[in-house]
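What the coordinates show
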Amino acid sequence: MQTILKETASQLINLVLPPRCVISGEVVDKQGMISASAWRELSFINEPFCNSCGFPFEFEVEDGALCASCLDYPPHFENARAALKYDDGSRALILGFKHADKTYAVKSFMPWMNRAAQNIFQHTDILMPVPLHYTRLISRRYNQAALISSALAKETGIPTINDGLKRTRATVSQGYMDAKGRYKNVKKAFAVNKRYKNSLKGKAVMLIDDVYTTGATVNECAKTLKKAGVNEVYVLTLARAVKEGFG
Ligand SMILES: [Zn+2]
């Protein structure tokens, strides 16, 4: 009975406010769907890519090949994967999700992120979103990484600990920083929530975030988790910067 009521309610809402594509604004069949024209603009990340950070290569490489940056500075995480390239086709989707309350878009991310991490979920014990500092949480009202992590937990059955990591200080917005600036900005900015100290020991954690830019933030989170006794850290993001020298 309750399901019927729920369905009728959502049909009524659809009559008044037809669901719209989160990117193009065109009317679509279901909430969270992407219109065909917007879909064509999205670039999904496929192999070959760096085995460590997931940076896509333009040429075929040997299995397990690493990019120059991972060879020079091996990351603290085992590997990072992303569903989409962060480019002109995906920017509106990601910014809308992050800043404009288009939280329902999270549904459409699930199959994409599932595909990007299909071989890693089986090794993962716990999902954990990259935290926002509470001052930013107040201005934004929600942590987009935690929304993704909760949706993924429902999808995969792997539990998520949304308050597993804390920001110990507010960091400056990293929008225009280069890699060096970003690494400095997030240094020692995280701590493991004491409540989970024992339960995280020896576990494999998958860090969840919306965008991987230089990897500075997830790398610092991975370092913090490993110091607390976590065995393996994987990273899964919705999108990833793919241009060299991306700020
Ligand atoms: Zn790499």
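Read on for a plain summary of the structure. Along each chain, residue indices are assigned from 1 in the same order as the chain's sequence is written. Residues qualify for local features only when their pLDDT is at least 70, as the model is predicted, and side-chain atom pairs are given and counted only at 80 or more; totals for whole chains, interfaces and linings, by contrast, use all residues.

Some points on the pairing of strand β1 (residues 79-85)
- Counting buried residues along β1, six of its seven residues qualify, which places the element largely inside the surrounding structure.
- Across six bridges, the pairing between β1 and strand β6 (residues 232-240) is parallel. Of the residues in β6, the one forming a bridge with Lys85 is Arg240. Residues with at least 20 other C-beta atoms within 10 Å of their own are called buried, those with 12 or fewer are called exposed, and the rest are partly exposed. The C-beta atoms themselves are positioned from the backbone. Per the convention used, a helix needs a DSSP run of H or I reaching at least four residues, while a strand needs a run of E reaching at least two, with both numbered from the N terminus. One requirement defines pairing of two strands: DSSP has to find at least two bridges between them.

With respect to helix α7 (residues 144-156)
- Across its 13 residues, α7 extends 18 Å between first and last C-alpha, which sits within 8% of the 18 Å expected from 1.5 Å per residue.
- Of all the positions in α7, only Gln144, Ala145, Ala146, Leu147, Ile148, Ser149 and Leu152 are classed as buried.
- Here, residue contact means that the backbone-derived C-beta atoms of the two residues sit within 7 Å. Each element contacted by the buried residues of α7 is listed here: α4 (91-99), α5 (106-116), β2 (126-129), β5 (204-212) and β6. Expected span, for any helix, means 1.5 Å times one less than how many residues it has.

Concerning the pairing of β2
- Taking every second residue as pointing to the same face, both faces of β2 are buried, with Ile126 and Met128 on one and Leu127 and Pro129 on the other.
- Two strands pair when backbone bridges link them, and β2 and β5 are joined in this way by four bridges, in the parallel orientation. In the sheet register, Leu127 faces β5, and the bridge partner there is Met206.

A few points about unusual backbone geometry
- Residue Pro48 is reached from Glu47 by a cis peptide bond, and omega for that bond is 5 degrees.
- Its identity as a non-glycine residue notwithstanding, Lys188 has a phi of 55 degrees, on the positive side.
- Examined against the element boundaries, Lys188 turns out to sit in the loop between α8 (179-186) and β4 (190-192).

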